[in-house]
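Working through the structure, step by step
Chain by chain, the residues run as shown.
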Amino acid sequence: MGGKVAFITGAARGQGRSHAVRLAQEGADIIAADVCDEVGRTTDFYPPATEEDLAETVRLVEKEGRRIIAYRADVRDYDRLDAGLSRAVEQLGRLDLVVANAGIFQFGDEITDTSPADWRDVIDVNLTGVFHTCKAAIPHLVQGGRGGSIVITSSDAGVKGFSRFGHYVASKHGVIGLMRTLTMELAPHSIRVNVVAPTNCNTDMIQNDAVYRLFRPDLERPTPEQFAEASSTLLALPQPWVEPVDVSNAIVFLGSDEGRFITGVTLPVDGGSAAI
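All values reported here derive from a predicted model rather than from experimental measurement.

1. Topic: the overall build of the chain
If you tally the helices and strands in the chain, you get eight helices and seven strands. On C-alpha atoms alone, the chain measures out to a radius of gyration of 18 Å, which is about the 19 Å that the 2.2 N^0.38 rule sets for 276 residues. Expressed as lengths along the three principal axes of its C-alpha atoms, the size of the chain is roughly 55 × 35 × 35 Å. When contacts within the chain are restricted to residue pairs at least 6 apart in sequence, long-range pairs at least 24 apart make up 73% of them.

What follows is the structure in structure tokens.
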């Protein structure tokens, strides 16, 4: 990764921040984008990332001795996302790796009770936002003439169904289809496209009271320990969830020369969840 530049969406905290720091440790410079704002009803479940969170990502990357350009952008807003990326690529001189990571999670309603507004928010961020990210980044990868790599964040909900968050499941299935098309379209440019599919990952997206109640509806106020016990039923390995760095390590591999013949793959980072 030495001397390469990686573009990461949803980089203010959680998996996105972990990816930025881990890639910086491998010698990459970073372009980091995040909305740092509320998105629809998502704040009913967990708080949004903030500008302070994004500033902390900047601090941690610079601590690793790498350059980083961070900017606020909603992945639903193609023009803003594209303009910020173009400015950053011009300043850093190249683009090699794209990590389409930004996503939101809403849950609790069956499909017949899901509001059109909630459906649009989740699909627009998780699926259309990935399309926007790739559309903005691909011309820079192609123009560089060095090949490159795109890694899209899906989920174990992208490879199997779950009840009570069908819009999230649909969005995460959708990005796998997008990856498969991009694999064919970008192969002539030596640009590889893959998906990582984590199970529950230890971030603010799952560590909140709303998710605890989702997993333990039998309890009025489930504790983190009771949630961990329920979450562990998703994995074959004896763990309740994966850590952000576990996903980051997979992205480092897929984006590196060690993964140079791996494209069109959905890589589970799920402790065996897909096998259950």
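2. Considerations on the sheet that holds strand β4 (residues 97-100)
The strand order across the open sheet built from seven strands is β3-β2-β1-β4-β5-β6-β7, with neighbouring strands paired in parallel fashion. On the outer flanks of this sheet lie β3 (68-72) and β7 (266-269), each paired with one strand and no other. Neighbour-to-neighbour, the strand axes of the sheet open up by a mean angle of 15 degrees, direction not taken into account. In this fold helix α5 (residues 166-186) packs onto β5 (148-153), β6 (191-198) and β7, with an angle of close to 160 degrees to the strand it touches most, β6.

3. Examining helix α8 (residues 244-255)
Along its twelve residues, α8 runs 17 Å from first to last C-alpha, staying within 8% of the 16 Å computed at 1.5 Å per residue. Along α8, the residues that are buried comprise P244, V247, S248, A250, I251, V252, L254 and G255. As for α8, its buried residues are in contact with α1 (14-25), β4, β5, β6 and β7.

4. What about the packing of aromatic side chains?
If you walk through the whole model with that rule in mind, you get nine aromatic pairs. Ring centres 4.5 Å apart and planes at 50 degrees place the aromatic pair F45 and F107 in the tilted group. In this pair, F45 is assigned in the loop between β2 (29-34) and α2 (51-63) and F107 in the loop between β4 and α4 (116-144), connecting sequence segments 62 residues apart. For the residue pair F45 and F107, the accessibility class agrees, reading buried in each case. Arranged with centres 6.1 Å apart and planes meeting at 70 degrees, the rings of F165 and Y168 form a pair that is edge-to-face. In this structure F165 comes out as buried when scored by relative accessible area, which is 11%. Among the aromatic residues, those joined into a ring-pair cluster are F45, F105, F107, F162, F165 and Y168.

5. Some remarks on the pattern of salt bridges
All chains considered together, the criterion is met by 16 salt bridges. As a salt-bridge pair, D204 and R13 come within 3.2 Å of each other at their nearest N and O atoms. One end of the pair, D204, is in the loop between β6 and α6 (209-215); the other, R13, is in the loop between β1 (5-9) and α1, and 191 residues separate them in sequence. Overall, D204 belongs to the partly exposed group, its relative accessible area being 38%. Overall, R13 belongs to the buried group, its relative accessible area being 18%. Put simply, R72 and E51 hold a salt bridge, and the shortest N to O gap is 3.1 Å. Highlighted residues: R72 in strand β3 and E51 in helix α2, separated in sequence by 21 residues. Residue R72 is classed as partly exposed on the basis of its relative accessible area, which comes to 29%. What makes E51 partly exposed here is its relative accessible area of 48%. It is possible to trace a salt-bridge network through shared partners that takes in R41, D44, D109 and D118.

6. Some thoughts on the environment of Y71
Here Y71 is to be found in strand β3. A relative accessible area of 11% places Y71 in the buried class. Note: C-alpha distance between Y71 and E51 (20 residues apart in sequence) is 9.3 Å. Among all residues touching Y71, those that are not within four sequence positions of it are F7, I31, A32, A33, D34, L54, R80, L81, G84 and L85. In this structure the side chain of Y71 is engaged in a polar contact, spanning 2.8 Å, whose partner is the backbone oxygen of L81.

About the cut-offs
- Residues numbered from 1 in each chain as written.
- Predicted model: local features only at pLDDT ≥ 70, side-chain atom pairs only at ≥ 80, totals over all residues.
- Heavy atoms only, no water.
- Helix = DSSP H or I, 4+ residues; strand = E, 2+ residues; numbered from the N terminus.
- Rg over C-alpha atoms; globule rule 2.2 N^0.38 Å.
- Contact = heavy atoms within 4.5 Å.
- Pairing = 2+ DSSP bridges.
- Axes fitted to C-alpha atoms, helices over the stretch in contact; angles between N-to-C directions.
- Expected span 1.5 Å × (residues − 1).
- Buried < 20%, exposed > 50% of the residue type's maximum accessible area, 1.4 Å probe, protein only.
- Phe/Tyr/Trp six-rings, centres within 6.5 Å; stacked < 30°, edge-to-face > 60°.
- Salt bridge = Lys/Arg side-chain N within 4 Å of Asp/Glu carboxyl O.
- Polar contact = N/O pair within 3.5 Å; in protein donor to acceptor, adjacent residues only side chain to side chain.

Just distances and angles here, no functional claims.
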